[in-house]
Amino acid sequence: MQRLGVILGHLLPGVQNSGCSTSSLQAAPCSSPQYSDSPDDIVVVHGLRTAICKAKRGAFKDTTPDELLSAVMAAVLKDVNLNPGQLGDVCVGNVLQPGAGALVARVAQFLSGFPESVPVYCVNRQCSSGLQAVINIAGGIRNGSYDIGLACGVESMSLRSVGKPGDVSSRMLDVPNARDCLIPMGITSENVAERYGVTRQKQDAFAFSSQQRAAKAQRIGNFKNEIHPVITTVLDDQGNAKTITVAQDEGIRASTTLEGLAKLKPAFKEDGSTTAGNSSQVSDGAAAVLLAKRSKAAQMGLPVLGVLRSYAVVGVPPDVMGIGPAYAIPAALAKAGLTVHDVDVYEINEAFASQAVYCVEKLGIPAEKVNPNGGAVALGHPLGCTGARQVVTLLNELKRRGKRAYGVVSMCIGTGMGAAAVFEYPGL
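Since the structure is predicted, the reported quantities are computational estimates derived from the model, not experimental observations. Residue indices begin from 1 for each chain and proceed along its sequence in written order. For a predicted model such as this one, the threshold for reporting local features is a pLDDT of at least 70, and the threshold for listing and counting side-chain atom pairs is 80 or more; totals across whole chains, interfaces and linings nevertheless cover every residue. Side-chain numbers here rest on the full set of heavy atoms in the structure, without hydrogens or water.

Participant: Please set out the overall build of the chain residue by residue, giving values where relevant.
Facilitator: A tally of helices and strands in the chain yields 13 helices and 12 strands. Its C-alpha radius of gyration of 20 Å places the chain within 12% of the 22 Å reference for a compact globule of 428 residues. Along the three orthogonal principal directions, the C-alpha set of the chain runs to about 55 × 55 × 50 Å. Each of the 428 residues in the chain was classed as buried or not, and the buried ones make up 58%. The contact rule is simple, with two residues in contact once any of their heavy atoms fall within 4.5 Å. Of all intrachain contacts in the chain linking residues separated by at least 6 positions in sequence, the fraction that spans at least 24 positions is 78%. Of the roughly 17100 Å² of accessible surface on the chain, 52% is carried by carbon and sulfur atoms. The convention is simple: Lys and Arg are positive, Asp and Glu are negative, and His and the chain ends are not counted. Note on charges: their place is set at NZ of Lys, CZ of Arg, CG of Asp or CD of Glu. In the chain, 39 side chains carry a positive charge and 35 a negative one; their mean positions are 3 Å apart. In DSSP terms, a helix is any run of H or I states spanning at least four residues, a strand is any run of E spanning at least two, and both are numbered starting from the N terminus. Restricting the calculation to C-alpha atoms gives the radius of gyration, and the globule rule supplies 2.2 Å times the number of residues raised to the power 0.38. Residue exposure (1.4 Å probe, protein chains only): buried if accessible area is under 20% of the type maximum, exposed if over 50%, otherwise partly exposed. What sets the accessible areas is the Shrake-Rupley method with a 1.4 Å probe; for residues, cover comes only from the shown protein chains.

Participant: Tell me about the nonpolar core, residues and numbers included.
Facilitator: One finds L87, V90, L150 and L290 to be the most contacted residues of the largest nonpolar core, which totals 50 residues. The dominant element in this core, judged by the number of residues it contributes, is helix α2 (residues 65–79), at eight residues. When near neighbours in sequence (up to four residues on either side) are disregarded, L290 contacts V43, V44, V45, H46, V76, L77, V80, L82, L87, I148, G149 and L150. Among buried residues, those of type Ala, Val, Leu, Ile, Met, Phe, Trp, Tyr and Cys that are joined through side-chain atoms within 4.5 Å constitute a nonpolar core. Among the nonpolar cores identified, the runner-up in size contains 36 residues, and A151, V345, A388 and V392 belong to it.

Participant: Can you lay out the pattern of salt bridges for me, pointing to particular residues and giving the numbers?
Facilitator: Opposite charge on two side chains allows them to pair when their charged atoms are near. By salt bridge we mean one thing: a side-chain nitrogen of Lys or Arg within 4 Å of a carboxyl oxygen of Asp or Glu. This structure, assessed with the given rule, holds 19 salt bridges. Two residues, K269 and E194, come together in a salt bridge whose shortest N-O distance is 2.5 Å. Linking K269 in the loop between α8 (258–262) and β8 (283–293) with E194 in helix α6 (residues 185–196), this pair joins segments that are 75 residues apart in sequence. Residue K269 is classed as partly exposed on the basis of its relative accessible area of 29%. One salt bridge in this structure joins E424 and R309, with 2.9 Å as the shortest N-O distance. Of this pair, E424 sits in strand β12 (residues 417–425) while R309 sits in strand β9 (residues 306–315), and the two are 115 residues apart along the sequence.

Participant: Would you mind going over the pairing of β9 in detail, with residue names and values included?
Facilitator: The buried fraction of β9 is high, at eight of 10 residues. Sheet topology places β9 next to β12; eight bridges connect them, and they run antiparallel. The residue of β12 that forms the bridge with S310 is V422. Paired strands are those between which DSSP finds at least two bridges.

Participant: Break down the packing of aromatic side chains for me, citing the residues and quoting the values.
Facilitator: Centres within 6.5 Å are what make two rings of Phe, Tyr or Trp a pair, Trp counting through its six-membered ring; a difference in plane orientation under 30 degrees is then read as stacked, over 60 as edge-to-face, and the rest as tilted. A complete count under the given rule lists three aromatic pairs for this structure. Each ring, one from Y35 and one from Y406, has its centre 6.3 Å from the other, and the planes form 65°; the classification is edge-to-face. Linking Y35 in the loop between α1 (2–11) and β1 (42–49) with Y406 in strand β11 (residues 405–413), this pair joins segments that are 371 residues apart in sequence. Since its relative accessible area comes to 3%, Y35 is described here as buried. With centroids separated by 4.4 Å and ring planes inclined at 35°, the aromatic side chains of Y196 and Y358 adopt a geometry described as tilted. Highlighted residues: Y196 in helix α6 and Y358 in helix α11 (residues 353–363), separated in sequence by 162 residues. Of the residues examined, Y196 reaches a relative accessible area of 31% and is grouped as partly exposed. Charges are assigned to positions over rings by a cutoff of 6 Å between ring centre and Lys NZ or Arg CZ, combined with an angular limit of 35 degrees from the ring normal. Cation over ring: R49 sits above F223, and NZ or CZ is 5.2 Å from the ring centre.

Participant: Could you give an account of the environment of E190, naming the residues involved and the relevant values?
Facilitator: Structurally, E190 can be placed in helix α6. Excluding its chain neighbours within four sequence positions, the residues that come into contact with E190 are K269, G272, S273 and T274. Any N or O atom pair separated by 3.5 Å or less is treated as a polar contact, with the protein-specific requirement of one donor-capable and one acceptor-capable atom, and with residues adjacent in sequence counted only for side-chain atom pairs. Here the side chain of E190 touches T274 through a polar contact of 3.0 Å, landing on its backbone nitrogen.

Participant: Hey, could you go over the environment of S117 for me, with residue numbers and the actual values?
Facilitator: Within the secondary structure, S117 is located in the loop between α3 (102–111) and β4 (120–123). Here the alpha-carbon distance between S117 and P65, two residues 52 residues apart in the chain, equals 22 Å.

Participant: Residue-level account of the side chain of D89, with values.
Facilitator: Turning to its location among the elements, D89 is positioned in strand β3 (residues 89–93). Buried charge without a partner: D89 forms no salt bridge, and the closest opposite charge is R106, 8.3 Å away. Apart from the residues lying within four places of it in its own chain, the contact partners of D89 are P119, V120, Y121, I137, Y146, I148, G149 and L150.

Participant: With reference to specific residues and values, describe unusual backbone geometry.
Facilitator: Its identity is not glycine, yet Q126 carries a phi of approximately 50°, on the positive side. By secondary structure assignment, the location of Q126 is in the loop between β4 and α4 (129–142). Judged by its relative accessible area of 29%, Q126 falls in the partly exposed class. One non-glycine residue, T415, adopts positive backbone phi at about 80°.

Participant: Pulling in residues and values, what's your account of helix α10 (residues 324–336)?
Facilitator: The α-helix advances 3.6 residues per turn, and as a result positions three or four apart in sequence lie on the same side. Its 13 residues place the ends of α10 19 Å apart at the C-alpha level, agreeing with the 18 Å of an ideal helix rising 1.5 Å per residue. Taking burial as the measure, the 13 residues of α10 include 10 buried ones, the bulk of the element. If you check which residues of α10 are buried, you get G324, P325, A326, A328, I329, A331, A332, L333, K335 and A336. G337, located one to two residues past α10, shows a positive phi value of around 75°. In a helix, the anticipated span is given by 1.5 Å times the number of residues less one.

Participant: Describe helix α13 (residues 386–401), with residues and values.
Facilitator: With 16 residues, α13 should reach 22 Å at 1.5 Å per residue; the first-to-last C-alpha distance of 23 Å fits that figure. By the criterion of burial, α13 is predominantly enclosed, with 13 of the 16 residues buried. G402 occupies a position one or two residues after α13 and carries a positive phi of about 85°.

Participant: Please set out the pairing of strand β5 (residues 148–156) residue by residue, giving values where relevant.
Facilitator: The buried count for β5 comes to nine of nine residues, which makes it a mostly enclosed element. Of the strand pairs in this sheet, β3 and β5 are connected by five bridges, and their pairing is parallel. Bridge pairing in β5 links D89 to G149. Bridge count between β5 and β8: nine bridges; the pairing is antiparallel. In the strand pairing of β8, S156 is matched with D284.

Below, the structure is given as structure tokens:
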């Protein structure tokens, strides 16, 4: 933990406790901190995402990831009237494309009209790749490499599926933790449920809540400001092409009932409790988040949607990788000088209801603070996109509430990790 603190201190200096543990905080010891704005703060200027569509049968099934990525990259900059040539760097999170999508990302920037002088690279930290892209761009700003950058995430699970692990040593079978990295994600969900006593009833109840919340959010227009409509082409069963505009998430099932969820058979283990109804959906989508140093944003007249206050990533046993947020969230909160109860909204990725339930209960997070607009069970989980999508969803939710507030984005990570980031919404 000491080493983790050193790493985070370099990323987010000037954050100390006033007795609980962070510096530049104006608060009594162990009270909810109030940060003073600093010109060196890393701020989120703007963010957008595509709709999230069902893999292999949804509206994006024939859309390549470079097109998805290009749509949000261009839209974010257009919304704030920023010349793409002013970007210092672009980082894209991706899991399934070869080379984490390095070619796809460069092609996407050219499709977006970005000049060749703007650099781009990719990152793959599996389910947290989109969030890692945000943190990497924040790190580049913090270390002085540039003052403004774009963090993205994209995945087409229609065109690329989780397959072979790649080139690995046969010796991995002799090392338990290495061998456990090959355990299918659905089985890790079953392991969490069995080891920590998360019942089928709790998993189904959580999944039902996710669907209901997402359906309500969609109905009242909560996603309107975060989704950029994408014009694309989809092929029907006969191969006929049709041009459509995609502006609404496809995975939300407003008609879901607890009775219906209870009837579903286990998907990964004959006597298990993880089903298609209480697991995240495989999906296609992209998101982009524009970040800057606060002083640069002020100089350019750019808005401030949120402030990055801390980040942590931790390792956990690969066979129960889903518990990652239960360890990453406390680490990130400690660095920010916050407690679980100081946070207004938690966006915790619902890879599986089993692991989400465990993490929420382990940390004692009030249920009403978790994924108020639903999560991956309802919306879907396009692997490389999700972390960036969560940042966009979180900050738009905090903005709707209007007051200065804190939010957390967190997720579990295949092979056994958890990541979490704390953001502050500055208020109207």
